[in-house]
Amino acid sequence: MKLLVYGAGVLGSLFSARLHEAGHDVSLLARGERLASLRRHGVQLAEAGSPDVGRVPVPVVEHPAGGYDLTAVFVRTHQVDAVLESLAGLEGDVLFLLNWAAGAEPLGAVIGRERVLLGFGTAGGTMEGDVVRYRAPNFITRRVATPIGEPDGRTTPRLERIVREFRAAGINAKAEPKMDAWLKTHAAFEVPLGQAVHSAGGPVALADDPDAVRGMLRLMRQNLAGMPTPPVPGGFAALRTLPEGLLVATLRRFLRSPTAVHSGLSDASPATVAELDRLAEQMRAYARIR
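Because the structure is a prediction, the values reported are computed rather than measured.

Engineer: Would you mind going over the pairing of strand β2 (residues 25-29) with me for this structure?
Structural biologist: Each regular strand carries side chains that alternate between the two faces of the sheet. Among the five residues in β2, four count as buried, and that is most of the element. Considered for its hand, the β-α-β crossover made up of strand β1 (residues 2-6), helix α1 (residues 10-21) and β2 is right-handed.

This is the structure:
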């Protein structure tokens, strides 16, 4: 496959580097200062806490063009409209690997519904200047695969091919038959979490405030209770059924863990706030429609 990775933040950089190292014909789309840095240095990667920085010479482009079999989109939720406009006149499948709770319909309405696949990048990390500091894998994160699915839940040849190619590049991917429900479940969890972390000033600061964690948990429970179908993955049902005290203690431990600290939760940029606002808006619209 000839691939375009649209978005050169943490996840787009990681995915494009892994695919390039595996021998795939992949280009990374970036703009402005990020584009200039990538042209000079390539994708710079370092494990969180390590002084060693590797460089991967991924080809970079400034604008999308035709000829790609697959475009993998890694942008913020509020940036999707601009991406759709730039991809509308092109061909090839488009895999949206991002926070998205509005379903496939608004995506397909612009670029053609037959082109749309949904997914979510489960890797984590932060940007330190132009260096991507990725979260070190551990027992838990190795078991969390990147889900990818057709909007209608079918298992299609193109879905199987994408999963196979990603796995060959060392990306832990899996076909998810309930991808839309997966994304809505994640949003039900992510919006209260992200907003609480932002208000507290970081994950560790939030962990030090058990009342704030309790309030965050209650919002998560309200969101999950408002969903017409069981949460996906099913493990999120524990947020609705386990005792509040146990869940608060578990969430506080998670917020202090390296997994949380190096996951991007500490990013307090305006882009993070804008993304959470757009995702919350999508959840509210979904609740009204339902």
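What follows picks up the thread again.
Engineer: Just to check I follow, could you spell out the packing of helix α9 (residues 210-225) against helix α11 (residues 244-256) for this structure?
Structural biologist: Any two packed helices are characterised by how steeply their axes cross, that is the angle between the axes, and by the distance between the axes. Contact geometry for α9 and α11: axes closest at 10 Å, N-to-C directions at 110 degrees. In terms of orientation, α9 lies roughly perpendicular with respect to α11. Handedness of the crossing formed by α9 with α11: right-handed. Touching Pro-210, Val-213, Arg-214, Met-216, Leu-217, Arg-218 and Arg-221 of α9 are Glu-244, Leu-247, Val-248, Leu-251, Arg-252 and Leu-255, all from α11.

Engineer: How should I be thinking about the sheet that holds strand β8 (residues 116-119) in this particular structure?
Structural biologist: Sheets are built from strands paired through backbone hydrogen bonds, the pairs being either parallel or antiparallel. Spatially, the eight strands line up as an open sheet ordered β5-β2-β1-β6-β7-β8-β11-β12, and their pairing is mixed. Bordering the open sheet on either side are β5 (60-61) and β12 (173-175), each of which pairs with just one other strand. Bridging between strand β11 (residues 146-149) and β12 involves three bridges; their strand directions are parallel. Its bridge partner being in β12, Ile-148 is matched across the sheet by Ala-175. Against the sheet, helix α6 (residues 157-168) touches β1, β6 (70-73), β7 (93-97), β8, β11 and β12, its axis set at about 165 degrees to β12.

Engineer: So what exactly am I meant to see when it comes to the sheet that holds strand β3 (residues 43-47) here?
Structural biologist: One open sheet accounts for four strands, arranged β4-β3-β10-β9; its pairing is mixed. Unpaired on one side and paired on the other, β4 (54-56) and β9 (125-128) mark the two borders of the sheet. Across the sheet, the mean angle from the axis of one strand to that of its neighbour is 30 degrees, orientation sign disregarded. As paired strands, β3 and β4 are joined by three bridges and run antiparallel to one another. Looking at β4, one finds that Val-43 is bridged to Val-56. Those strands touched by α1 are β3, β4, β9 and β10 (131-134), and its axis lies near 100 degrees from that of β3. Strand contacts of helix α2 (residues 32-41): β3, β4, β9 and β10, with the helix running at about 85 degrees to β3, the strand carrying the most contacts.

Definitions and limits used
Residue indices begin from 1 for each chain and proceed along its sequence in written order. With pLDDT at 70 or above as the cut-off, local features in this predicted model cover only qualifying residues; side-chain atom pairs require 80 or more to be listed or tallied, and sums for whole chains, interfaces and linings still use all residues. In computing side-chain properties, one takes all heavy atoms of the structure into account and sets aside hydrogens as well as water. Note on exposure labels: buried denotes an accessible area under 20% of the residue type's maximum, exposed denotes more than 50%, and partly exposed covers the range between, all computed with a 1.4 Å probe on protein chains only. By the criteria applied, helices consist of DSSP H or I runs no shorter than four residues and strands consist of E runs no shorter than two, each listed in order from the N terminus. Convention used here: a crossover is right-handed provided that the path from the first strand, over the helix, to the second strand proceeds clockwise when the strands point away from the viewer. Note on method: axes are straight lines fitted to C-alpha atoms, helices fitted across the in-contact stretch only, with angles between N-to-C directions ranging 0 to 180 degrees. For classification purposes, angles smaller than 35 degrees are called roughly parallel, those larger than 145 roughly antiparallel, those between 65 and 115 roughly perpendicular, and all remaining angles oblique. In a left-handed crossing the near helix is turned counterclockwise from the far helix by less than a right angle, and in a right-handed crossing that turn is clockwise. Residues are treated as being in contact if the distance between any of their heavy atoms lies within 4.5 Å. The pairing criterion is simple: DSSP has to find at least two bridges between the two strands.

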